[in-house]
Amino acid sequence: MVETADQLFVILQHWLVGHAPASLRSILSVLLPVIAILVVFGLLFAITTILERKGLGRIQNRYGPNRTGPFGVLQPIADAIKSLTKEDVVPQAADKIVHFLAPVVLVLAAFSIYAVMPVGRNMVLANLDAGVLYFFAVSSVMELTIFMAGWSSRNKYSLLGAMRAIAQMISYEVPLILASITVIMAAGSMSTVTIVEKQAGFTGILPHWFVFTPWGFAGFILFMIAATAESNRSPFDLPEGESEIIAGYYIEYSGFKFALFFLGEYLGMFAISGLGITLFLGGWSAPLSFLTWLPSYLWFFAKLLAMIVVFIWIRGTLPRMRTDQLMNFAWKFMLPMTLLNLVTAGVWRFLPGGLLRWLVCSFLVVVPYVLLGRGLMQGWKLEKRVYRFAE
Amino acid sequence: MLFTIFATITVAGAVAAMSLRNLVHSVLALTLAFAGLAVVYLQLGAQFIGLAQILVYVGAVAILIVFAILLTRDAEATPKFIVDRSWKSSGAVAIASFGVLAWAIHHSAASRHAVPPQPEATMQQIGNGLMMRFALPLEIIGLLLTAALIGAVTIAIHEKQETR
Amino acid sequence: MTSLASCLLLSALLFSIGLAGALIRRNAILVLIGIELMLNAANLNFIAFWRYGPNPEALTGMMFVIFSIGVAAAEAAVGLALIISLYRYIKTADIDEVNSMRG
């Protein structure tokens, strides 16, 4: 019974493919997961928009959308209808072809990332040997689409936004990849499926997730900071800072193309959260050993929703950084910390298990953090802020 | 069949990259060629190389070139299709080199061997190779990249007193 | 159709296009793009010979491509830095204008 619930969608897919005519079978066995990915993550996008608007409203002491349906839960449908029926304005001077291609390629790339994401036991479209590399390769295509959008609009704000976005994404891609490499070292594989399986066991009731090791914990925090920057979300939302450059690279997009950009951005965020879950939080495995009876895909999506809530929470509470702070943080803090974390993961691998290993590795993580933080904060004057109000 | 499609995409991207007037269009066509080539690598069974090709060329080199274009364009001048004065002889050299290569490929014995079975190249094997047999080249590449990083920064850094 | 000869033909075509571009176009960035295309053509040859040649388990062709991609990245970075700093001095990216050392 538990087994059936866990493998429900896999069985369903085999049943559907088995009943199809023989000539269609090979196409159908690929097409069905693709459709499932499109539907599930499209729906998740709709849920996230309302969750984000309601959550931000709650944090900022206002209601958020509350007019469409009970408590405003039908707002995504209203948004979709609005964006579909709005006029699609293309600037006169814009490079029409590139301007059209940018959102299309962005959404295509964002969806194709999910091919290597194990959302449940046996539920992955392609178990690539180099799955993590595939993830980073496809997400690097998304940087280029951002440039295409910003450049083709022929608008100085959009070009500025695109340049900011690319500079930021390239800078934070380095710590993102370096933080992921620790897990690849520990798991001895780049396949996302193998990485999840390596974390599936339990000691007592606690799982073997990589986040429950000193290097894994530090790696996860570093990964999440870099992921926030990589998905251009607050506090790293300089590329679309409304108060500085209006809306950044998608300022000249309207109607459905704007909705596509929005979709692509959120899909990128889900994908990078999904990768974080796969690498550090055990993918689809249950958090406690007596909870394994719940289907694996439920665990994955529960973790994904929790990550999304954290992203919304961060967005609602932190102010935007300045560009110099952003770059200093990436190159002077994130990069040394991820490199040291790499060393820590190696030390962890070759020390015998037990308390000593924990002590040494925690020491290796905490001491550089404190020293680096102290060093970087030298010359800062932190004192109570005096507010001067207009007379 | 698939090979023909992606080979055509690659060649079309390369031709467009070398012949378009607008430099940014050239780079976008170039990324198309790189991506097509990456798919060809994947078809040949070199998964790691294909993905590394996308990561390095589409994600890094193309963006680097784009930055260089935006930093060196002549203040909004209409892009002219400027060719070298000796374009006739240059074109002849290129066509001749292709002719020689095609002739050599057509007449070589290597292309008439039977197609061997798909060789294995797992990440494990590549990692072992890089760490054991090819450890020295790997270190040299690391050194070279560090030198290139420092060199590029030193060359391109904007020194205020020199521009006066 | 995927066979050694067609891979080599594709690679020869790419090489010739890159060569023609590097020789004919006068913008320094386009010359660099042409060189990148030629390097890619060489990489394709390595992969094709690894796939169809003897001893594929030694992975020599593949390793060479890995190193070649690394060298190409370094080359692009240094080359573009040179173009940018050149542009600062003579305000053009046209390589035929760079003739101040002509006797």
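Conventions we followed
- Residues numbered from 1 in each chain as written.
- Chains lettered and ligands numbered in written order.
- Predicted model: local features only at pLDDT ≥ 70, side-chain atom pairs only at ≥ 80, totals over all residues.
- Heavy atoms only, no water.
- Helix = DSSP H or I, 4+ residues; strand = E, 2+ residues; numbered from the N terminus.
- Contact = heavy atoms within 4.5 Å.
- Areas by Shrake-Rupley, 256 points an atom, 1.4 Å probe, with all protein chains shown as cover.
- Lys, Arg positive; Asp, Glu negative; His and termini not counted.
- Charge placed at Lys NZ, Arg CZ, Asp CG, Glu CD.
- Rg over C-alpha atoms; globule rule 2.2 N^0.38 Å.
- Buried < 20%, exposed > 50% of the residue type's maximum accessible area, 1.4 Å probe, protein only.
- Core = buried A, V, L, I, M, F, W, Y, C linked by side-chain atoms within 4.5 Å.
- Domains from an automatic or database assignment.
- Axes fitted to C-alpha atoms, helices over the stretch in contact; angles between N-to-C directions.
- Parallel < 35°, antiparallel > 145°, perpendicular 65-115°, else oblique.
- Left-handed = near helix turned anticlockwise from the far one by under 90°.
- Nonpolar A, V, L, I, M, F, W, Y, C, P; charged D, E, K, R; others polar.
- Buried area = accessible area lost by both parts, 1.4 Å probe.
- Salt bridge = Lys/Arg side-chain N within 4 Å of Asp/Glu carboxyl O.
- Polar contact = N/O pair within 3.5 Å; in protein donor to acceptor, adjacent residues only side chain to side chain.
- Phe/Tyr/Trp six-rings, centres within 6.5 Å; stacked < 30°, edge-to-face > 60°.
- Lys NZ or Arg CZ within 6 Å of the ring centre and 35° of its normal.
- pLDDT = per-residue confidence, 0-100.

Requested: an account of the overall build of chain C, with residues and values cited.
On a plain count of helices and strands, chain C comes out with three helices and zero strands. Each helix and strand of chain C, ordered N terminal to C terminal, gives the series α-α-α. When the backbone C-alpha atoms are referred to their principal axes, chain C occupies close to 50 × 25 × 25 Å. Long-range pairs, those at least 24 residues apart, make up 64% of the contacts in chain C with a sequence separation of at least 6. Put simply, chain C shows about 4100 Å² of open surface, and 68% of that area lies on carbon and sulfur atoms. Counting 6 positive and 6 negative side-chain charges, chain C places the centres of these two groups 7 Å from one another.

Summarise the overall build of chain A; cite the residues concerned and give the values.
Helix and strand counts for chain A come out as 14 helices and two strands. Relative to the globule expectation of 21 Å for 391 residues, the C-alpha radius of gyration of chain A, 22 Å, shows essentially globular dimensions. Projected onto its principal axes, the C-alpha positions of chain A cover 70 × 60 × 40 Å. Looking at chain A as a whole, 49% of its 391 residues are labelled buried.

With reference to specific residues and values, describe the nonpolar core.
General note: in soluble globular proteins, nonpolar side chains tend to be found buried as a group. Counting 171 residues, the largest nonpolar core has Phe41(A), Tyr114(A), Phe223(A), Phe270(A), Ile49(B), Ile65(B) and Met62(C) as the members making the most contacts within it. It is helix H3 (residues 47-72) of chain B that provides the largest number of residues to this core, a total of 15 residues. If you count residues domain by domain, this core takes at least three from each of domain 1 (1-74) and domain 2 (122-157) of chain B. Ala94(B), Ala20(C), Ala22(C) and Val31(C) belong to the second largest nonpolar core, which has seven residues in total.

Help me get a handle on the packing of helix H1 (residues 2-19) of chain B against helix H2 (residues 23-43) of chain B, residues and values and all.
What describes two packed helices is the angle between their axes and the distance between those same axes. All names here are of chain B. Two elements in contact, H1 and H2, have axes whose closest approach is 7 Å; the angle formed by their N-to-C orientations is 155 degrees. Our classification of the angle between H1 and H2 gives roughly antiparallel. Seen from above, H1 lies across H2 with left-handed handedness. Within the contact between the two elements, H1 uses Leu2, Phe3, Phe6, Ile9, Thr10, Gly13, Ala14, Ala16 and Ala17 and H2 uses Ser26, Ala29, Leu30, Leu32, Ala33, Gly36, Leu37, Val39, Val40 and Gln43. Here the residues of the contact of H1 with H2 sort into 14 nonpolar, five polar and no charged.

Please set out the interface of chain B and chain C residue by residue, giving values where relevant.
With 80 residues of chain B in contact, the opposing surface of chain C contributes 70 residues. Here chain B and chain C share an interface that buries about 6600 Å² over both sides, 78% of which is from carbon and sulfur atoms. For the chain B face of the interface with chain C, the top three residues by lost area are Phe3(B), Met18(B) and Leu44(B), together amounting to 11%. Between the two partners, chain B and chain C, sit zero salt bridges. Linking chain B with chain C are two residue pairs in polar contact (both at pLDDT 80 or more), by the criterion used here. At the level of secondary structure, the elements contributing two or more residues to the side of chain B that touches chain C comprise H1, H2, H3, helix H4 (87-107), helix H5 (123-131) and helix H6 (135-156) of chain B. At 12 residues, the largest contribution of residues to the side of chain B that touches chain C is made by H3(B). Here the residues of the side of chain B that touches chain C sort into 57 nonpolar, 15 polar and eight charged.

With reference to specific residues and values, describe the arrangement of the chains.
Looking at the two pairs of chains with contacts, the pair that accumulates the most is chains B and C. The two partners chain A and chain C share no contact, and the minimum distance between any of their C-alpha atoms is 14 Å.

Could you give an account of the packing of aromatic side chains, naming the residues involved and the relevant values?
All told, the structure shown has 25 aromatic pairs over all chains when counted by the stated rule. Judged by centre distance (4.4 Å) and plane angle (15 degrees), the ring pair of Phe46(C) and Phe64(C) falls under stacked. Of the two residues, Phe46(C) sits in helix H2 (residues 28-52) while Phe64(C) sits in helix H3 (residues 60-90), which places them 18 residues apart along the sequence. Residue classification places Phe46(C) among the partly exposed residues on the basis of a relative accessible area of 31%. Here Phe64(C) falls in the partly exposed class, since its relative accessible area comes to 47%. Taken together, the ring pairs connect Phe45(A), Tyr249(A), Tyr250(A), Tyr253(A), Phe258(A), Phe261(A), Phe262(A), Tyr266(A) and Phe270(A) into an aromatic cluster. We note Arg349(A) situated over the ring of Phe350(A); from NZ or CZ to the ring centre the distance is 5.2 Å.

Can you lay out the confidence of the model for chain C for me, pointing to particular residues and giving the numbers?
Confidence in the prediction for chain C averages 83 pLDDT; 91% of positions are at 70 or higher. The secondary structure element of chain C with the lowest average pLDDT is H3(C), at 86, and the one with the highest is H2(C), at 89.

Run through the interface of chain A and chain B, naming residues and quoting values.
You'll often see interface size given as the accessible area lost when the parts meet. Contacts between the two partners involve 25 residues from chain A and, on the opposite side, 22 residues from chain B. At the boundary of chain A with chain B, total buried surface from both sides reaches about 2000 Å², with 79% on carbon and sulfur atoms. Along the contact surface separating chain A from chain B lie four residue pairs in polar contact (both at pLDDT 80 or more). Every element with two or more residues in the side of chain A that touches chain B is listed here: helix H6 (131-152) and helix H7 (156-187) of chain A. Considered class by class, the residues forming the side of chain A that touches chain B number 18 nonpolar, two polar and five charged.

Give me the environment of Val39(A): which residues, what numbers.
Structurally, the position occupied by Val39(A) is in helix H3 (residues 25-59). As a C-alpha pair, Val39(A) and Arg164(A) span 125 residues in sequence and 32 Å in three-dimensional space.

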